[in-house]
Amino acid sequence: MAADQTMHGVPPSLSARVVGSFAYLTVRDRLPTILTKVIDTIHRNKNKFFEEYGEEGIQAEKQAISLLSKLRNELQTDKPVLALTDGLVDTEPWNQYLHRQQRLQGDQEPVSWFKSPWLYVECYMYRRIHEALLLNPPISDFDVFNEGKTQSFFESSQAVMALCTYLEGIKKNVEELSESQLFELFSKLVQVSLWGNKCDLSISAGQENSQKASPLDSLNSLQTFILVDDTKRVWSTLLSAQKLGQSGKTTADRVDIVLDNAGFELVTDLVLADFLVSSGLARQIHFHGKTIPWFVSDVTAKDFQWTIRQTMASNHKWGSKCGVQWQGYLKDGLWRYHDHPFWTQPHEFCDMAPDAPDLYATLQGADLVLFKGDLNYRKLTGDRDWEHTVSFDTALRGFGPAPLCSLRTLKANVQVGLQPGQGEKLTSQDPSWMTNGKYAVIQFHNPKSD
């Protein structure tokens, strides 16, 4: 239904064509800064490559840097976007997407960094970083963002332990909680997971951006910055999905979490997932991460495993208890981790059903899908220049494999589902409200109620 409503009125994609726009400043300033950091990281690891691979490692380091310097130059001088050559499973879909962009732009100008959709060129940059390493074995597996992700985790360790302690406190008497008490805790942990999204290294261009204090202490003061709060709708969807399980308890079958950042944010997601399982609100949780290093701090399978191992190894009683529990959930199949190449492609999510039907079918098996973070929001809404008052359902353009909720702190200039006048009021109070990470939304869509 949503697709038909907007077929003729779909606004254009945000792009760097508009000088001074957030997209323009990102492509002009932030992306080259990230590339420079990547080049520097590879160079700093030169000795390590030499120790592991000898002369071959040094050659690979030089060639990878040369490809990345060329990429940076292409970006800064608005050169045409080039086809990928690395022969990965997603190379062909990426190159087809480039042809699709060219068709949309017509033949008058090539698809290039400043003239094409910002979402596309930003995703493309991360895919080209991956290609530069992939084409240079033996350093193909090197994660250029790993240092930042692990550092962000260690710098947030106090907040991580505070969260684990809180969770263990809840779990002691979770059996005795009333439905309204369960809702209070659910709401609180959803907000912790929401604000965990503030720690995003691609927004700070890799600058240190960790969570020092316990997020639980600041939830009340942050409440006013949540512009749309559909928590009650999410809750009633979870309750209405409850079925009688084998144990004689009622529980929703499955909640999926489409992850965003590693580090502290991932821990907030794991804590929420643990609460859902241990309180009997969900039987199993499926996590979705990225197949390759992505947007500086996004979760890969390695990051996911590493975070659980680090928590297990903590010398903090409740921290290690959580880690052991999480490892147990994975072992017993109550938690599952998946990745799929579609998450690291530039498509908006309304393309998922035709372009990644297997992934769409997987998500259809969930009772609720939580989409974390800004990039997922941009892909949900197509990163388009929507009016703020357009409904979230409309901006999804027909995407609805299951009831879904976006937990997002705002770091890009797209926001839908606001009340009339709300956007204008925010602009007058805080001109950078859409990009400074201070504001957030908990936005829900249920395709079943359309």
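See the structure printed just above.
Right, let's walk through the structure included here. (Residues numbered from 1 in each chain as written. Predicted model: local features only at pLDDT ≥ 70, side-chain atom pairs only at ≥ 80, totals over all residues. Heavy atoms only, no water.)

### Overview of the overall build of the chain
To keep it simple, the criterion reads: Here a strand is any run of E in DSSP of at least two residues, a helix any run of H or I of at least four, and the numbering for each starts at the N terminus. Note that the radius of gyration is over C-alpha atoms, with the globule rule given as 2.2 Å times the number of residues to the power 0.38. Exposed residues in this analysis have more than 50% of their type's maximum accessible area, buried residues have under 20%, and partly exposed residues fall in between, with area computed by a 1.4 Å probe over protein chains only. In this description, contact between two residues means that some pair of their heavy atoms is separated by no more than 4.5 Å. Where accessible areas are quoted, they stem from the Shrake-Rupley method and a 1.4 Å probe; at the residue level, only the protein chains shown are allowed to cover. Residues scored as charged are limited to Lys and Arg (positive) and Asp and Glu (negative), so that His and the chain ends carry no count. Where a charge lies is defined by one atom per residue type, namely NZ (Lys), CZ (Arg), CG (Asp) and CD (Glu).
The number of helices and strands found in the chain is 19 helices and eight strands. Over its C-alpha atoms the chain spans a radius of gyration of 22 Å, differing by no more than 12% from the 22 Å that the globule rule assigns to 450 residues. Considered along the principal axes of its C-alpha atoms, the chain spans approximately 60 × 60 × 45 Å. Each of the 450 residues in the chain was classed as buried or not, and the buried ones make up 59%. Contacts in the chain between residues far apart in sequence, at least 24 positions, make up 79% of those at least 6 positions apart. Per element, the accessible surface of the chain, about 18300 Å² overall, is 52% carbon and sulfur. Of the charged side chains in the chain, 45 are positive and 54 negative; the average position of the first set lies 2 Å away from that of the second.

### Points about the state of the cysteines
Filter applied, for reference: Cysteine sulfur atoms are paired as a disulfide whenever they come within 2.5 Å of each other.
Within this structure, the stated rule accounts for zero disulfides. Cysteine 350 supplies the cysteine sulfur nearest to cysteine 123, a cysteine that is in no disulfide, at a spacing of 14 Å.

### Brief notes about the packing of helix 8 (residues 157-172) against helix 14 (residues 317-331)
When two helices pack together, their arrangement is given by the angle between their axes and by how far apart the axes lie. This is how it is decided: Working convention: axes come from line fits to C-alpha atoms, limited for helices to the stretch in contact. Angles between N-to-C directions cover 0 to 180 degrees. Should an angle fall under 35 degrees it is called roughly parallel, over 145 degrees roughly antiparallel, and 65 to 115 degrees roughly perpendicular, with every other angle called oblique. Any residue outside Ala, Val, Leu, Ile, Met, Phe, Trp, Tyr, Cys, Pro, Asp, Glu, Lys and Arg is labelled polar, Gly included; the first ten of those are nonpolar and the last four are charged.
Running from N to C, helix 8 and helix 14 point in directions that differ by 70°, and their axes come no closer than 8 Å. Taken together, the axis directions place helix 8 and helix 14 in an arrangement best described as roughly perpendicular. Along its contact with helix 8, which presents Met161, Cys164, Thr165, Leu167, Glu168, Lys171 and Lys172, the element helix 14 presents Trp318, Gly319, Lys321, Cys322, Gln325, Trp326 and Tyr329. Among the residues forming the contact of helix 8 with helix 14, the class breakdown is seven nonpolar, three polar and four charged.

### Considering the pattern of salt bridges
Defined as follows: One side-chain nitrogen of Lys or Arg within 4 Å of one carboxyl oxygen of Asp or Glu is enough to make a salt bridge.
Throughout the structure, instances matching the rule amount to 31 salt bridges. The closest approach of N and O atoms between glutamate 74 and arginine 128, which form a salt bridge, is 3.1 Å. Linking glutamate 74 in helix 4 (residues 55-76) with arginine 128 in helix 6 (residues 118-134), this pair joins segments that are 54 residues apart in sequence. The exposure classification of glutamate 74 matches that of arginine 128, with both residues buried. The partner of arginine 283 in a salt bridge is aspartate 253, and the shortest N-O contact between them spans 2.8 Å. Placement of the pair is arginine 283 in strand 4 (residues 282-289) and aspartate 253 in strand 3 (residues 250-258), with a sequence separation of 30 residues. Arginine 283 sits in the partly exposed class, given a relative accessible area of 38%. One network of salt bridges, in which partners are shared, links Arg30, Glu122, Arg378 and Asp383.

### With respect to the side chain of serine 406
By the element assignment, serine 406 lies in strand 7 (residues 404-409). A relative accessible area of 0% places serine 406 in the buried class. If we ignore the near neighbours within four places in the chain, the residues touching serine 406 are Phe371, Tyr377, Leu380, Phe392, Val441, Ile442 and Gln443.

### Side note on helix 8
In plain terms, the rule: A helix is expected to span 1.5 Å multiplied by its residue count minus one.
Across its 16 residues, helix 8 extends 23 Å between first and last C-alpha, which sits within 8% of the 22 Å expected from 1.5 Å per residue. Turning to helix 8, its buried residues are Ala159, Val160, Met161, Leu163, Cys164, Leu167, Glu168, Ile170 and Lys171. Considering only its buried residues, helix 8 is in contact with helix 7 (146-155), helix 9 (179-196), helix 12 (264-278), helix 13 (301-312) and helix 14.

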